[in-house]
Amino acid sequence: MQLGDARVGKFSDNLAAFGRTLRRAGVRIDPARIALAADAALTVGLDRREDLSAALEAVLISREQDRLVYRELFDAFFRDPNMAHKLLAQLLPSAQGKAEPSKRRPRVREALSPQHAFGKQAQPKPEDDKVDFDAAMTASDLQRLKHADFNALGASEYRLVERLARAVRLPLPTFAARRSRPGVRGRALHWSGVMQSAVRTGGEPLHLPRLQRLQQPLPLLVLVDVSGSMERYARLLLAFLHAATSRQAMGGAVRLQRHVFAFGTHLTDLGPAFAQADTDAMLAHASAAIADFAGGTQLGTSLAMLRTLHRRKLVGRRTLVLLITDGLDTGAPDALAQELDWLRRSCGRLLWLNPLLRFEGYAPLAQGAAVLHRYAHGMLAVHNLSKLEDLAASVAAVLRR
């Protein structure tokens, strides 16, 4: 039985609201997909809820890690007629309904609650209640958020910016690896390919495929400061790095050699956390692994642990090291200088990503910052979305120098 045109009426508005909710949960949705979803709903009809769910999933979801998030949000959204308004209230601590919040996936919980910070519930500020953003932001709103400092965002804005940061790409410079693959150029012949081609042409080698060297991204080692002064930046930058350096983001052809560590008063290996395919699962594992979050900064001690326990992860003086910190170190400057001298000699490039560059006229006058500035090959800003989008070009410029 046809229940009316799915492209008009209340269902059309509900479908658009459902698309905005998916986008807030990190699912990549655009207006074209919403239009396709309306056509799919019109095709299958609205009499069977299971058919509608499968049809919308087929056109709205393109990544495997988004499927369970979609299904849970679909169940919550279309079970209760008033759930749409509750889902769109970004600062609502919890939504009433039959779905139990404790069993929701992290991305679904974050779409319905204020921002979490490494296992701690963020309390909304009074000014956050005035924010009325959804995923369908205007151009001026998006432009403002791109240039807003991460440390100055409200809870709802921070959540939106974190989702936007996951879509930023970080194409790393490449080098010619030892491995090769068949191609049209290269010095050596691909003899097995020549023989296979000759078999298809009656024994005559009419085609001579060659072996060309693979282009592999530079090995990457990331050190993220999780001290108290970096609290607002750490979570967002970890989410950005996980999404930007995933195998899908890098093209999937060659696996990126990526090692990530968090440091405060000591060093924490985030390799097991970054092995998770889902960014929210990575953040949950990182939250459980980091014991010194929002504490002090002992960069010299942390680098000594890196040299003692993980020096083999610096691959052949080719590794690109990204050191994300504000430079407010509380350790001895001489010990820090000694460890930074070893790190500079053991890697290809040492880049200091400093959120304090948001201030005009910033100068590294603190003792730890002065030592860092002396040993780093370059200092780049990472305090807003615009700087993250320019990070790849900035890294390439420093490498050329």
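K.L.:
Go over the overall build of the protein with me, naming the residues and quoting the values.
P.N.:
Scanning the protein for helices and strands turns up 17 helices and eleven strands. Classification of the 401 residues of the protein by burial places 47% in the buried group. If you take every contact in the protein between residues at least 6 apart in sequence, the share linking residues at least 24 apart comes to 74%. Within the structure as shown, the protein displays about 19800 Å² of accessible surface, and the carbon and sulfur contribution to it stands at 52%.

K.L.:
Any chance you could break down the confidence of the model for the protein for me, citing the residues and the numbers?
P.N.:
In the predicted model, the protein carries a mean pLDDT of 80, and 80% of its residues have values of at least 70. Note that residues 1-8 has pLDDT below 50 and, in this model, 15 contacts with residues that lie over four places away or in other chains. Note that residues 87-102 has pLDDT below 50 and, in this model, 42 contacts with residues that lie over four places away or in other chains.

K.L.:
Before we move on, can you summarise the pairing of strand E6 (residues 220-225) with the specific residues and values?
P.N.:
Of all the six residues making up E6, six are buried; the element is thus mostly covered by neighbouring parts of the structure. Inspection of the sheet shows E6 paired to strand E7 (residues 258-263) by six bridges, in the parallel sense. Bridge pairing links Leu220 to Arg258 in E7. Pairing of E6 with strand E9 (residues 320-324) involves five bridges; the strand directions are parallel. Considered in E9, the bridge of Leu223 is made with Leu323.

K.L.:
Describe the sheet that holds E9, and please don't skip the residues or the numbers.
P.N.:
Across the sheet, six strands lie side by side as E8-E7-E6-E9-E10-E11; this open sheet has mixed pairing. Unpaired on one side and paired on the other, strand E8 (267-269) and strand E11 (378-380) mark the two borders of the sheet. Taking the axes of each pair of neighbouring strands and ignoring which way they run, one obtains an average angle of 25° across the sheet. In this sheet, strand E10 (residues 349-353) lies alongside E9 in parallel orientation, the contact comprising five bridges. When the bridges of E10 are listed, Leu323 appears paired with Trp352.

K.L.:
So what's going on with the nonpolar core? Which residues, and what values?
P.N.:
Formed by 48 residues in total, the largest nonpolar core has its most connected members in Phe240 and Leu388. Considering each element in turn, this core owes the most residues, nine residues, to helix H10 (residues 231-244). Leu388 has contacts with Phe150, Ala165, Val168, Leu236, Leu237, Phe240 and Val382, leaving out every residue within four places of it along the chain.

K.L.:
Go over the side chain of His242 with me, naming the residues and quoting the values.
P.N.:
With respect to the helices, strands and loops of the structure, His242 is situated in helix H10. For His242, a relative accessible area of 2% corresponds to the buried category. At 2.7 Å, the side chain of His242 and the backbone oxygen of Gln276 are in polar contact. Non-local contacts of His242, meaning those with residues more than four positions away in its chain, are made with Arg258, Phe274, Gln276, Ala277, Asp278, Thr279 and Met282.

K.L.:
Explain helix H12 (residues 279-289) to me, using residue names and the numbers behind them.
P.N.:
Every buried residue of H12 is listed here: Thr279, Asp280, Met282, Leu283 and Ala286. Each buried residue of H12 lies within a common arc of 155° when the element is viewed along its axis, so the set occupies one face.

What counts, and where the lines are drawn
- Residues numbered from 1 in each chain as written.
- Predicted model: local features only at pLDDT ≥ 70, side-chain atom pairs only at ≥ 80, totals over all residues.
- Heavy atoms only, no water.
- Helix = DSSP H or I, 4+ residues; strand = E, 2+ residues; numbered from the N terminus.
- Buried < 20%, exposed > 50% of the residue type's maximum accessible area, 1.4 Å probe, protein only.
- Contact = heavy atoms within 4.5 Å.
- Areas by Shrake-Rupley, 256 points an atom, 1.4 Å probe, with all protein chains shown as cover.
- pLDDT = per-residue confidence, 0-100.
- Pairing = 2+ DSSP bridges.
- Axes fitted to C-alpha atoms, helices over the stretch in contact; angles between N-to-C directions.
- Core = buried A, V, L, I, M, F, W, Y, C linked by side-chain atoms within 4.5 Å.
- Polar contact = N/O pair within 3.5 Å; in protein donor to acceptor, adjacent residues only side chain to side chain.
- Arc of directions from axis to C-beta.

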